[in-house]
Amino acid sequence: MTINVVCRKDAINRNHLAPLALVFTHDRCRKFVGLGISVALEHWDFEKQQPTTDCPDRAEIQFQITSKIREYEKKIKKVGGAGNPRYVR
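Report on the environment of methionine 1, specifying residues and quantitative values.
Structurally, the position occupied by methionine 1 is in the segment before strand 1 (2–7). Taking the C-alpha atoms as reference points, methionine 1 and cysteine 29, 28 residues apart in sequence, are found 9.6 Å from one another.

Encoded structure:
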């Protein structure tokens, strides 16, 4: 199972911010889980899938992303192995 962070350009809100989400992929089955964080498109590096260096809240955003990934990795280990992304909550 792989976990990636994506900036959802398809769901831009009225403040022109795009929400960030984790994407769990296992055997071509994908599940999106929102992080509750939104970022301006100009402050997101789409090639590296992380905030740009000039992002005002870069450290806080990166910390929240890392902590969520660790939280879900612990849940996946607890369930046992790779698991199916449908069961990740």
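Tell me what's going on with the packing of aromatic side chains, and back it up with residues and numbers.
For the structure shown, the criterion picks out one aromatic pair. Seen from their ring centres, phenylalanine 24 and tyrosine 72 are 5.2 Å apart, and the 70° between their planes marks the pair as edge-to-face. Taken together, the residues span a long stretch of sequence, with phenylalanine 24 in strand 2 (residues 17–26) and tyrosine 72 in helix 1 (residues 58–79) at a distance of 48 residues. The exposure class of phenylalanine 24 is buried, given its relative accessible area of 0%. Geometry around phenylalanine 32 places arginine 8 over its ring, the cationic atom sitting 5.0 Å from the centre. Sitting above the plane of the phenylalanine 46 ring, lysine 9 keeps its charged end 4.7 Å from the centroid.

Describe the pairing of strand 3 (residues 29–40), and please don't skip the residues or the numbers.
Bridge analysis of strand 2 against strand 3 gives nine bridges, and the strand direction is antiparallel. In the sheet register, histidine 26 faces strand 3, and the bridge partner there is cysteine 29. Two successive antiparallel strands, strand 2 and strand 3, enclose a turn made up of two residues, where aspartate 27 displays a positive phi of approximately 50°.

Lay out the pattern of salt bridges with the relevant residues and their values.
Applying the stated criterion across every chain, the model contains two salt bridges. Put simply, arginine 8 and aspartate 10 hold a salt bridge, and the shortest N to O gap is 3.1 Å. Here arginine 8 falls in the partly exposed class, since its relative accessible area comes to 28%.

Can you tell me about unusual backbone geometry, naming the residues and giving the values?
Here the phi dihedral of histidine 16 falls at roughly 65°; this positive angle occurs in a residue that is not glycine. The topology assignment puts histidine 16 in the loop between strand 1 and strand 2. Residue classification places histidine 16 among the exposed positions, given a relative accessible area of 61%. Residue aspartate 27 is not a glycine yet carries a positive backbone phi of 50°. With respect to the element layout, aspartate 27 can be found in the loop between strand 2 and strand 3.

The rules behind each value
- Residues numbered from 1 in each chain as written.
- Predicted model: local features only at pLDDT ≥ 70, side-chain atom pairs only at ≥ 80, totals over all residues.
- Heavy atoms only, no water.
- Helix = DSSP H or I, 4+ residues; strand = E, 2+ residues; numbered from the N terminus.
- Phe/Tyr/Trp six-rings, centres within 6.5 Å; stacked < 30°, edge-to-face > 60°.
- Buried < 20%, exposed > 50% of the residue type's maximum accessible area, 1.4 Å probe, protein only.
- Lys NZ or Arg CZ within 6 Å of the ring centre and 35° of its normal.
- Pairing = 2+ DSSP bridges.
- Salt bridge = Lys/Arg side-chain N within 4 Å of Asp/Glu carboxyl O.

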